[in-house]
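Architecture and fold: a report
Below are the chains, spelled out letter by letter.
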Amino acid sequence: MPIVPDVPAGGFQDGHGRGAAHPSGPLFRDETPHEHPQEPMSSPTPPAPRQKKSAGRDLGAAIGVGVGLGAVIIASLFIWKPAFVGVIAVAVVVGLWELTSRLQERKAIKAPLVPLAVGGAAMVVAGYVRGPEGAWVAMALTALAVLVWRMTEPPEGYLKDVTAGVFAAFYVPFLATFVALLLTADDGPQRVLTFLILTVVSDTGAYAIGWRFGKHKLAPRISPGKTREGLVGAVTFAMAAGALCMEFMIDEGAWWQGLILGLAVAASATLGDLGESMIKRDLGIKDMGTLLPGHGGIMDRLDSLLPTAPVVWLLLALFVGTA
C-alpha cells in the first residue's frame, strides 16, 4: 500500500503509480512495437533526453491523504474497537461500489451492488461478533442474495453478472473480514497494527529498493514496474519489521515467528498487487477510482491488504492463538 510506486518508468501508470504500458498501444500486451523504416535522405533523429524517475503522483496530496487515513485508523483502533469495525465496513462498501462500477463501465457486467453492499457490511460485523463461522454464513447468504437479486432483470448476461457478484463478495468483504477477526483477540489492536505495518513496510521496501536498484522485471506482462530487486527489498524490510513487531507488540510472540510472518506478508502483498494489476489491465484502466487524491480509489489501497489479512490471521493463530 505504498504512497509511491515501485519502479516508475514513465508512460501509463497503474493504480499505484507504477509504470505500465499504455492500454491503447501494443505495449499493453507486452508486444514489441514495429519500427518504422527511416525515409531516405532523412536526418537522424537525436536521442530523447533521459527522463528523471518520478513518482507519477501528487506526493503532497498522497502524503496528506495517507496521514489522514492513518489518524482515523489509529484513533478508531485504540479508542473503541467497534468503531474500527465500522471503518472496515465503510471501506468494504466503497470498494465494492468502485469495483462494480468499473465492471459495468468497461465490461458491461452488472454485478448487483445492493446485496453486495448490505451483505458485505454484514459479513464484517458477523466475523467480529460470531467469528469465522459467522463470516462463512454471511458469505453464503450474500452469494445467495446476489443470485436472487439478479433474477429481477432479464436473463441475458445472468451467468456473468452473478459470477462477478460472487467474486466481488469473496474478494472484498470476505477477505476484509479477517481484519475484524484479528481485532477480536485481547491484543487485537496490536495485531491489526502489526498487519498494517508489515504490509506498508513490504510495499515501501519494494519501492525503495526497486527504484534504486531494480533492473530485472518480476512480471512484465502484468506489472512492468515491479522488479526482482524490489521483491528482495519487500522481503527484507517485512522480515525485519515482523521480527520487531512480534517481539515487542504481540503477546507471547517471538522474533523468529516475525521472520516467518514478514516473509509471508511480502509474498501475499506482492501477489495482491499483481492480482489487482491484472484486473485493471483486463479492464484497461489506470485506477479503480478517484476518491483519494494522490492514491486513486479505495480499491487501489486495498490490493495488498486484502489477501494479506487471512495470511496474518492464520499465522498469528498458529503462533500465539486467537484469544
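Calculation criteria
Residues numbered from 1 in each chain as written. Predicted model: local features only at pLDDT ≥ 70, side-chain atom pairs only at ≥ 80, totals over all residues. Heavy atoms only, no water. Helix = DSSP H or I, 4+ residues; strand = E, 2+ residues; numbered from the N terminus. Buried < 20%, exposed > 50% of the residue type's maximum accessible area, 1.4 Å probe, protein only. Contact = heavy atoms within 4.5 Å. Areas by Shrake-Rupley, 256 points an atom, 1.4 Å probe, with all protein chains shown as cover. Phe/Tyr/Trp six-rings, centres within 6.5 Å; stacked < 30°, edge-to-face > 60°. Lys NZ or Arg CZ within 6 Å of the ring centre and 35° of its normal. Core = buried A, V, L, I, M, F, W, Y, C linked by side-chain atoms within 4.5 Å. Polar contact = N/O pair within 3.5 Å; in protein donor to acceptor, adjacent residues only side chain to side chain. Expected span 1.5 Å × (residues − 1). Salt bridge = Lys/Arg side-chain N within 4 Å of Asp/Glu carboxyl O. Axes fitted to C-alpha atoms, helices over the stretch in contact; angles between N-to-C directions. Parallel < 35°, antiparallel > 145°, perpendicular 65-115°, else oblique. Left-handed = near helix turned anticlockwise from the far one by under 90°.

Okay, the overall build of the chain next. Helix and strand counts for the chain stand at nine helices and four strands. Going from the N terminus to the C terminus, the chain shows its helices and strands as β-β-α-α-α-α-α-β-β-α-α-α-α. Split into buried and exposed, the 323 residues of the chain put 50% on the buried side. The long-range share in the chain, meaning contacts at least 24 apart out of those at least 6 apart in sequence, stands at 71%. With an accessible surface of roughly 15,900 Å², the chain has 69% of that area assigned to carbon and sulfur atoms.

All right, on to the packing of aromatic side chains then. Any aromatic ring pair is given by two values, namely how distant the centres are and how the planes are angled relative to each other. Applying the stated criterion across every chain, the model contains six aromatic pairs. For the pair Trp-136 and Phe-174, a centre-to-centre distance of 4.6 Å together with 50° between the ring planes defines the contact as tilted. Taken together, the residues Trp-136 in helix 3 (residues 113–149) and Phe-174 in helix 4 (residues 158–183) connect sequence positions 38 residues apart. Trp-136 gets classed as exposed once you look at its relative accessible area, which sits at 53%. Geometrically, the ring pair formed by Phe-167 and Tyr-171 is stacked, given 5.4 Å between the ring centres and 15° between the ring planes. With Phe-167 and Tyr-171 both in helix 4, this residue pair falls four residues apart, about one helical turn. Residue classification places Tyr-171 among the buried positions, given a relative accessible area of 11%. For the cation-ring pair, Arg-212 lies above Phe-213, with the distance from its terminal atom to the ring centre recorded as 5.1 Å.

Attention now goes to the nonpolar core. In terms of nonpolar packing, the biggest core is built from 59 residues, with Ile-88, Tyr-171, Val-192, Phe-195 and Leu-261 touching the most fellow members. Secondary structure elements with two or more residues in this core: helix 2 (81–107), helix 3, helix 4, helix 5 (188–213), helix 6 (228–248), helix 7 (255–283), helix 8 (298–302) and helix 9 (305–320). It is helix 4 that provides the largest number of residues to this core, a total of 15 residues. Sequence-distant contacts of Leu-261, that is, excluding residues within four places in its chain, are made with Thr-194, Leu-198, Met-246, Val-312, Leu-315 and Leu-316.

With that out of the way, let us pick up unusual backbone geometry. Excluding glycine, a negative phi dihedral is what most residues carry, and trans is how most peptide bonds are arranged. The phi torsion at Ala-108 lies on the positive side, around 60°, for a residue other than glycine. With respect to the helices and strands, Ala-108 occurs in the loop between helix 2 and helix 3. The phi angle at Glu-252 is positive, at roughly 65°, despite the residue not being glycine. With respect to the secondary-structure elements, Glu-252 resides in the loop between helix 6 and helix 7.

As for its placement among the helices and strands, Ser-304 is situated in the loop between helix 8 and helix 9. Classification of Ser-304 as buried rests on a relative accessible area of 0%. Side chain to side chain, Ser-304 and Asp-203 meet in a polar contact 3.0 Å long.

With that settled, consider helix 7. Compared with an ideal rise of 1.5 Å per residue, which puts 29 residues at 42 Å, helix 7 spans 42 Å between its outermost C-alpha atoms and is within 8% of the ideal. Two residues or fewer after helix 7 comes Gly-284, characterised by a positive phi angle close to 70°.

Further remarks concern the side chain of Arg-281. Looking at the secondary structure, you find Arg-281 in helix 7. A polar atom in the side chain of Arg-281 sits 2.6 Å from the backbone oxygen of Ile-222.

Looking at the element boundaries, Ala-121 is found in helix 3. Given the relative accessible area of 22%, Ala-121 is considered partly exposed. The spacing of Ala-121 and Ala-89 is 32 residues in sequence and 4.9 Å in space, taken between C-alpha atoms. Contact partners of Ala-121, with chain neighbours within four places excluded, come to Ala-89 and Val-93.

Attention now goes to the pattern of salt bridges. Evaluation of the coordinates by the stated rule reveals six salt bridges. The closest approach of N and O atoms between Asp-161 and Arg-150, which form a salt bridge, is 2.7 Å. Of this pair, Asp-161 sits in helix 4 while Arg-150 sits in the loop between helix 3 and helix 4, placing them 11 residues apart in sequence. In terms of burial, Asp-161 and Arg-150 fall into one category: buried. The salt bridge involving Asp-300 is made with Lys-280; its shortest N-O contact spans 2.9 Å. You can see Asp-300 sitting in helix 8 and its partner Lys-280 sitting in helix 7, a full 20 residues away along the chain. With relative accessibility at 0%, the residue Asp-300 sits in the buried group. With a relative accessible area of 2%, Lys-280 lands in the buried category.

The next point concerns the packing of helix 2 against helix 3. Where helix 2 meets helix 3, the closest approach of the two axes is 9 Å, and the angle between their N-to-C directions is 155°. As the angle between them shows, helix 2 and helix 3 are arranged roughly antiparallel. The handedness of the crossing between helix 2 and helix 3 is right-handed. Together, Lys-81, Pro-82, Val-85, Ile-88, Ala-89, Val-92, Val-93, Leu-96, Trp-97 and Thr-100 of helix 2 and Leu-113, Leu-116, Ala-117, Gly-120, Ala-121, Val-124, Val-125 and Tyr-128 of helix 3 make up the contact between the two elements.

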